[in-house]
Amino acid sequence: MTGIIGKKLGMTQLFDDNGNRIAVTVVEAGPCAVTQVRTTESDGYSAVQLAFEDCKDKQLTKAELGHLKKAGLKHGKRHLAEIRGMANLKVGDTVTVEAFADGQHVSVTGVSKGKGFQGTVKRHNFARGPETHGSHNVRQPGSIGASAYPSRVFKGKRMSGHMGDQQVTQLGLRVVARDLENNLLLIKGAVPGATNSVVIVKGA
């Protein structure tokens, strides 16, 4: 498996040889330095920790700076993430977009856009009530439980509340093209997150 940390820059479009328009998301992926290698013998699982995006040392704690300097990095890194299944890598290696291939299927993980406090119609696609004959139950959730038993509302009930701003993984995406000079991945379709948000791209 291949994996890399990147930043969602936005969306644009490409045209294939037949003139068909393809909507793509531009992701600035890497370069990501390998800062730690987890092994089954020492950690109970195998994974590789990647670091992405330079930042000032004063923005990190002493423990974080010590961890990065132990891996041989001269500058602080803003984002760290562990990706399982990446073999044949050691501390000090660098992962770039060259690890991916044109046409490769990938999955992208990111934090979805926050929608704030929303009702059940928008949040859970509930059907609305009638708008005629004096009905006041247009966008209300309806009954949420009986009064005699269980005399309470079950946990996990789909109700109004905070929508979005949670980790989402989009499957079934495909790398349309790569820009090796600018460290860009052009992925077909939309990926989770707002512009400039951090995403993790994994090979399917």
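For the structure itself, consult the block above.
Model, not experiment: these values are computed from the prediction. (Residues numbered from 1 in each chain as written. Predicted model: local features only at pLDDT ≥ 70, side-chain atom pairs only at ≥ 80, totals over all residues. Heavy atoms only, no water.)

1. Here's the deal with the pattern of salt bridges
No. 1: In total, this model carries eight salt bridges according to the counting rule given.
No. 2: One salt bridge connects Glu-131 with Arg-128, and the closest N-O pair in it is separated by 3.9 Å.
No. 3: Look at Glu-131 and you get exposed, because its relative accessible area is 55%.
No. 4: Relative accessible area serves as the criterion here: at 48%, Arg-128 is assigned to the partly exposed category.
No. 5: Each of the salt bridges in this network shares a partner with another, and the network as a whole consists of Lys-7, Glu-53 and Arg-78. (Salt bridge = Lys/Arg side-chain N within 4 Å of Asp/Glu carboxyl O. Buried < 20%, exposed > 50% of the residue type's maximum accessible area, 1.4 Å probe, protein only.)

2. Re the nonpolar core
No. 1: Counting residues in hydrophobic clusters, the biggest one holds 25 residues, and the most contacted among them are Ile-4, Leu-50, Leu-185, Ile-187 and Val-201.
No. 2: One finds Cys-55, Leu-65, Leu-68 and Leu-73 within the second-largest nonpolar core, a separate group that totals seven residues. (Core = buried A, V, L, I, M, F, W, Y, C linked by side-chain atoms within 4.5 Å.)

3. Let's talk about the side chain of Thr-120
No. 1: Relative to the elements of secondary structure, Thr-120 occurs in helix H3 (residues 120–124).
No. 2: Beyond its immediate chain neighbours, meaning those up to four positions away, Thr-120 contacts Asn-125, Phe-126, Arg-139, Pro-141, Arg-158, Met-159 and Ser-160. (Helix = DSSP H or I, 4+ residues; strand = E, 2+ residues; numbered from the N terminus. Contact = heavy atoms within 4.5 Å.)

4. A word on the pairing of strand S10 (residues 167–179)
Across a regular strand the side chains alternate sides, sitting on one face of the sheet and then on the other.
No. 1: Of the pairings in the sheet, the one linking strand S7 (residues 105–111) to S10 comprises six bridges and is antiparallel in character. By the bridge assignment for S10, Val-106 is matched with Leu-173.
No. 2: Looking at chain direction, S10 and strand S11 (residues 184–188) are connected through four bridges and run antiparallel. From the neighbouring strand, Arg-178 faces S11, where its bridge partner is Leu-185.
No. 3: Counting the residues between successive antiparallel strands, the hairpin from S10 to S11 contains four residues, one of them, Asn-183, with a positive phi of roughly 60 degrees. (Pairing = 2+ DSSP bridges.)

5. A closer look at the side chain of Thr-109
No. 1: You can see Thr-109 is positioned in strand S7.
No. 2: The class of Thr-109 is buried, set by a relative accessible area of 12%.
No. 3: At 2.9 Å, the side chain of Thr-109 and the side chain of Thr-169 are in polar contact. (Polar contact = N/O pair within 3.5 Å; in protein donor to acceptor, adjacent residues only side chain to side chain.)

6. Quick notes on the pairing of strand S1 (residues 3–15)
No. 1: Bridge count between S1 and strand S12 (residues 198–203): five bridges; the pairing is antiparallel. Within the sheet, the bridge partner assigned to Gly-6 lies in S12 and is Val-199.
No. 2: Pairing analysis gives nine bridges linking S1 to strand S2 (residues 21–29), with the strands arranged antiparallel. Its bridge partner being in S2, Lys-7 is matched across the sheet by Glu-28.
No. 3: The loop that links S1 with its antiparallel partner S2 comprises five residues; one of these, Gly-19, has a positive phi angle of about 85 degrees.

7. Notes on the sheet that holds S10
No. 1: Around the barrel, six strands lie side by side as S1-S2-S11-S10-S7-S12; this closed barrel has antiparallel pairing. The mean angle between the axes of side-by-side strands here comes to 50 degrees, regardless of whether they run parallel or antiparallel. (Axes fitted to C-alpha atoms, helices over the stretch in contact; angles between N-to-C directions.)

8. Observations regarding the sheet that holds strand S6 (residues 94–95)
No. 1: Pairing is antiparallel across the open sheet formed by four strands, whose spatial order is S5-S4-S3-S6. At either end of the open sheet lies a strand with only one pairing partner, and these are strand S5 (76–84) and S6.
No. 2: When strand S3 (residues 32–38) meets S6, the two strands line up antiparallel, connected through two bridges. Across the sheet, Ala-33 pairs through a bridge with Thr-94, a residue of S6.
No. 3: Against the sheet, helix H2 (residues 62–70) makes contact with S3, strand S4 (47–55) and S5, and its axis sits at roughly 70 degrees relative to S5, the strand it touches most.

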